[in-house]
Amino acid sequence: MGSLLRSVSAVRWGELCDATGAAAGGIPPLLSRIAYGDEDTARIAIDELGDAVCALGFVVGEATAPTVPFLLELAGSPHVACKAEVLDLLGSICRTDQWHSAAAATQGRKHDASYRQQTGWEAASRIAVHAGRSVIERVASSVRPEEATPARKLLQVMDETPPFPEP
């Protein structure tokens, strides 16, 4: 995959499911298209990746948290064509609380335990976004408003959505 995303092959994508429940093996090629494609190719790939790791803009899956460090790497790279879209996707991932909300709504009922795995994916995804704060702060200090503005927006989202409390 080149120097950018070189550790993507260390993730066992074939053993993970994306936010739609499908196998996550398609995530590495999408990341590569974002990193190395022209602007149109990168935009299409980020849309497809968004569907895979944050379905409907608010549902994360098992493969979301392992994808976040690569999104942060892309956001911090000077040569990524659609940095604002990558930052927006990170913001959507950080804001997700669909599984936690569903678990809270069923608390005390027989379905309560069935959300444990999904709430774990959500918590891990949010923690992964927060772990990249220094990358986002660097982008927010850019002299390029098309990068700095979405990065500042993401920092605000991060401030408004702290990691989930331990269960």
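Everything discussed here concerns the structure shown above.
Throughout what follows, the structure given in this document is the object of discussion. These numbers were taken from a predicted model, which means no experiment stands behind them.

The next point concerns the nonpolar core. Leu71, Leu74 and Leu90 are the most contacted members of the largest nonpolar core, which has 44 residues in total. Going through the elements one at a time, helix 1 (27-36), helix 2 (39-53), helix 3 (64-76), helix 4 (83-95), helix 6 (116-131), helix 7 (133-140) and helix 8 (145-160) are the ones with two or more residues in this core. If near-sequence neighbours (up to four positions away) are discounted, leucine 74 is found in contact with Leu4, Leu5, Leu31, Ile34, Ala35, Val80, Lys83 and Val86.

The next subject is the packing of aromatic side chains. A full pass over the atoms with the stated rule returns one aromatic pair. Centroid distance tryptophan 13 to phenylalanine 70: 6.2 Å. Interplanar angle 50°. Geometry classified as tilted. With a gap of 57 residues between them, tryptophan 13 in the segment before helix 1 and phenylalanine 70 in helix 3 connect regions that are remote in the sequence. Here phenylalanine 70 falls in the buried class, since its relative accessible area comes to 5%.

On to unusual backbone geometry, then. Not every positive phi belongs to a glycine, and leucine 5 is a case in point at roughly 70°. In this structure, leucine 5 sits in the segment before helix 1. When its relative accessible area of 0% is taken as the criterion, leucine 5 is described as buried. The backbone of leucine 56 sits at a positive phi, close to 60°, despite the residue not being glycine. As for its position among the elements, leucine 56 is in the loop between strand 1 (54-55) and strand 2 (59-60). Of the residues examined, leucine 56 reaches a relative accessible area of 71% and is grouped as exposed.

Throughout the structure, instances matching the rule amount to nine salt bridges. Across the salt bridge formed by glutamate 85 and arginine 43, the nearest N and O atoms sit 1.9 Å from each other. Here the residue glutamate 85 occupies a position in helix 4, and arginine 43 occupies one in helix 2, the gap between them amounting to 42 residues. Residue classification places glutamate 85 among the partly exposed residues on the basis of a relative accessible area of 27%. Here glutamate 137 makes a salt bridge to arginine 133, at a shortest N to O gap of 3.1 Å. Of this pair, glutamate 137 and arginine 133 are both found in helix 7, four residues apart, which corresponds to roughly one turn of the helix. Residue classification places glutamate 137 among the partly exposed positions, given a relative accessible area of 40%. The structure contains a network of salt bridges with shared partners spanning Lys83, Arg144, Glu146 and Glu147.

Along the chain, threonine 64 turns up in helix 3. A relative accessible area of 1% places threonine 64 in the buried class. Looking at threonine 64, its side chain comes within polar contact range of the main-chain oxygen of valine 53, at 2.6 Å. Within the local environment of threonine 64, its side chain forms a polar contact with the backbone nitrogen of glycine 61, the two atoms lying 2.9 Å apart. Contact partners of threonine 64, with chain neighbours within four places excluded, come to Val53, Ile93 and Ser125.

Turning our attention to the environment of proline 66. Structurally, proline 66 can be placed in helix 3. Accessibility expressed as a relative area gives 24% for proline 66, which makes it partly exposed. Note: C-alpha distance between proline 66 and glycine 26 (40 residues apart in sequence) is 13 Å. Once you skip the residues sitting within four places of it in the chain, proline 66 turns out to touch Val11, Trp13 and Leu16.

Here is what the cut-offs are and how they apply
As a convention, each chain's residues are numbered from 1 in the sequence order in which they are written. With pLDDT at 70 or above as the cut-off, local features in this predicted model cover only qualifying residues; side-chain atom pairs require 80 or more to be listed or tallied, and sums for whole chains, interfaces and linings still use all residues. Heavy atoms throughout the structure, all of them, feed into the side-chain values; hydrogens and water do not. Buried Ala, Val, Leu, Ile, Met, Phe, Trp, Tyr and Cys residues that are joined via side-chain atoms within 4.5 Å together make up what is termed a nonpolar core. Accessible area is worked out with a 1.4 Å probe on protein chains only. A residue is then buried under 20% of its type maximum, exposed over 50%, and partly exposed in between. Here a strand is any run of E in DSSP of at least two residues, a helix any run of H or I of at least four, and the numbering for each starts at the N terminus. Two residues qualify as a contact provided that any one of their heavy atoms is within 4.5 Å of a heavy atom in the partner residue. When two rings of Phe, Tyr or Trp (its six-membered ring) have centres within 6.5 Å they constitute a pair, described as stacked for plane angles under 30 degrees, edge-to-face for angles over 60, and tilted for the intermediate range. Within this document, salt bridges are pairs made up of a side-chain nitrogen of Lys or Arg and a carboxyl oxygen of Asp or Glu, the two lying within 4 Å of each other. Polar contact is the term for a pair of N or O atoms within 3.5 Å; when the atoms are in protein, one must be able to donate a hydrogen and the other to accept it, and sequence-neighboring residues count only if both atoms are side-chain atoms.

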